[in-house]
Amino acid sequence: MARHGENIRKRKDGRWEARYQFFDPDRGQKVYRSVYGDSYAAVKEKRAAALLRSRHQEDTMGCATVSFAQAAEEWLAEIADKRKYSTYVKYRNIYKKHLEQISGSCLLSDDPEHGLRQKIFDHLSGEKLSESIRRSICCTANQILAFAGEKYSVYVPALKLAEAKCPPRQPRILSRDEQSRLLAVVCGDINDTETSACKNHKKSKAAILLCLYTGMRLGELCALKWTDIDYRNRTVTVNRTVQRVAAKGHVTKTILMETGPKSESSKRTIPLTVPVLDCLCELKEDRLYVFGGEKPLDPRTMQYRFKKLLKQAEVDDRNFHVLRHVFATNCIENGMDVKALSEILGHADVKITLNRYVHPTMDTKRKQIGMLSDFYGQIYGQ
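Since the structure is predicted, the reported quantities are computational estimates derived from the model, not experimental observations. (Residues numbered from 1 in each chain as written. Predicted model: local features only at pLDDT ≥ 70, side-chain atom pairs only at ≥ 80, totals over all residues. Heavy atoms only, no water.)

In this section: the pairing of strand S8 (residues 268–271). What you see with S8 is a clean split: Arg268 and Ile270 sit on the buried side and Thr269 and Pro271 on the side with no burial. Two elements, strand S5 (residues 235–238) and S8, share four bridges in a ladder whose sense is antiparallel. Paired with Thr235 across the bridge in S8 is Pro271. (Buried < 20%, exposed > 50% of the residue type's maximum accessible area, 1.4 Å probe, protein only. Helix = DSSP H or I, 4+ residues; strand = E, 2+ residues; numbered from the N terminus. Pairing = 2+ DSSP bridges.)

Given below as structure tokens:
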């Protein structure tokens, strides 16, 4: 029986038939065609694929000679004009490293199912890429295709990544014992004289302590100015970040660039505890940046100093970013509201906070399971 409005029916010979319209360039008008299958679902899928090819053929009649590479370069030029330079560099690097060689010669008019899309999918499945890089490649390709769609009126379906074969690797955060050893080093007194090296050592310890109490990103800490600290209201405001990016016109040369925070939600004000504020007051000097001087501190320098302190505390090597994960996990384990934590971290969505930054320890899981004894005891008593 035909289904109303779908142009799909079951024929007397037992086969299913689905009709669709497409533009015939020879006739200069739309005509009907049919596809056949053994079931309703099969014929509906065949018709969808035929409509996709038909729509792509119509859309690409005027852009038969436009390549993906041309669209990509035009899109990157637009990104360079409208977005932060660091954002442009990120997209350019993804395109140059992963997309230019495998898909640059493809035309926008190529078969969407077997041309450009297939080459990108082959690259994603054939290379040993992290899930984060795979998402970045897919995101960049889709933005180029969307740009091409608007400019050249071409329709190429967006790329959709298959589910990851294994979940993303979770960072190895610091255990309670490792946190204890690190805090002992960070909070310990320095008996050296007030040399330049000693001051830098104190600043590094203060930066670690500030991160453990605020979850600030490394670039945000390095770009922190004394004017961002409100002693009266006991808060610190995140207004900027600093990072190393490729210099314009260079491939290997990098420069230290200060920009706005990662996103709009990253602009935030975080309350400070009195001990942390006192620690910062001890570093106060007539310089612009808290952990730098007249210029922001290079994140690589802070990373190097952090690793030295880890070694001193006899803790396995980690990146500075692990402190942000430690902060988030400790906040949740101590009962902090998830929405409040998300805003403190500068996330746009609480899902990012929970899925990427909170890592319950075995002790926490054991404690939560142990609470069931009292719960079941109450039920049994009733």
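Turning next to empty space enclosed by the protein. Inspection of the entire model under this criterion finds two cavities of 30 Å³ or more. If you add up the space inside the second largest cavity, you get close to 30 Å³. Taken together, Met216, Glu220, Ala223, Leu224, Asp228, Thr237, Val238, Asn239 and Arg240 make up the full set of residues lining the second largest cavity. Split by residue class, the lining of the second largest cavity holds four nonpolar, two polar and three charged. (1 Å grid on protein atoms, 1.4 Å probe; cavity = no way out; pocket = protein on both sides within 12 Å on 5 of 7 lines; lining within 4 Å. Points joined across faces, edges and corners; volume = space filled by probe spheres on them. Nonpolar A, V, L, I, M, F, W, Y, C, P; charged D, E, K, R; others polar.)

When a protein is soluble and globular, its nonpolar side chains tend to lie buried together. Counting residues in hydrophobic clusters, the biggest one holds 49 residues, and the most contacted among them are Ile208, Leu210, Phe291, Phe320 and Leu323. Going through the elements one at a time, helix H6 (176–187), helix H7 (196–214), helix H8 (218–222), S5, helix H9 (274–281), helix H10 (299–312), helix H11 (322–333) and helix H12 (338–345) are the ones with two or more residues in this core. Counting 33 residues, the second largest nonpolar core, distinct from the first, contains Ala69, Leu124, Leu145 and Val245. (Core = buried A, V, L, I, M, F, W, Y, C linked by side-chain atoms within 4.5 Å.)

Okay, the environment of Val35 next. Along the polypeptide, Val35 turns up in strand S3 (residues 29–37). Residue Val35 is classed as buried on the basis of its relative accessible area, which comes to 13%. A sequence separation of 16 residues divides Val35 from Arg19, and the C-alpha atoms of the two residues are 6.5 Å apart. Not counting residues up to four positions away in its chain, the partners in contact with Val35 are Trp16, Glu17, Ala18, Tyr20, Val43, Lys46 and Arg47. (Contact = heavy atoms within 4.5 Å.)

Below, the discussion takes up the pattern of salt bridges. As enumerated under the stated definition, the model contains 23 salt bridges in all. Arg11 is paired through a salt bridge with Glu17; the nearest N and O atoms lie 3.8 Å apart. Given the relative accessible area of 25%, Arg11 is considered partly exposed. When its relative accessible area of 8% is taken as the criterion, Glu17 is described as buried. (Salt bridge = Lys/Arg side-chain N within 4 Å of Asp/Glu carboxyl O.)

Together, Ile369, Leu372, Phe375, Tyr376 and Ile379 make up an exposed nonpolar region whose accessible area comes to about 510 Å². Looking at the element boundaries, Tyr376 is found in helix H14 (residues 362–381). (Patch = residues over 30% accessible without salt bridge, like charges linked within 9 Å, V, L, I, M, F, W, Y side chains within 5 Å. Areas by Shrake-Rupley, 256 points an atom, 1.4 Å probe, with all protein chains shown as cover.)

The next subject is unusual backbone geometry. Within the chain, Arg234 stands out as a residue other than glycine whose phi angle is a positive 55°. On the secondary structure map, Arg234 appears in the loop between strand S4 (229–230) and S5. What makes Arg234 partly exposed here is its relative accessible area of 41%. Even without being a glycine, Glu314 presents a positive backbone phi close to 60°. Note on placement: Glu314 falls in the loop between H10 and H11. Judged by relative accessible area, which is 65%, Glu314 ranks as exposed.

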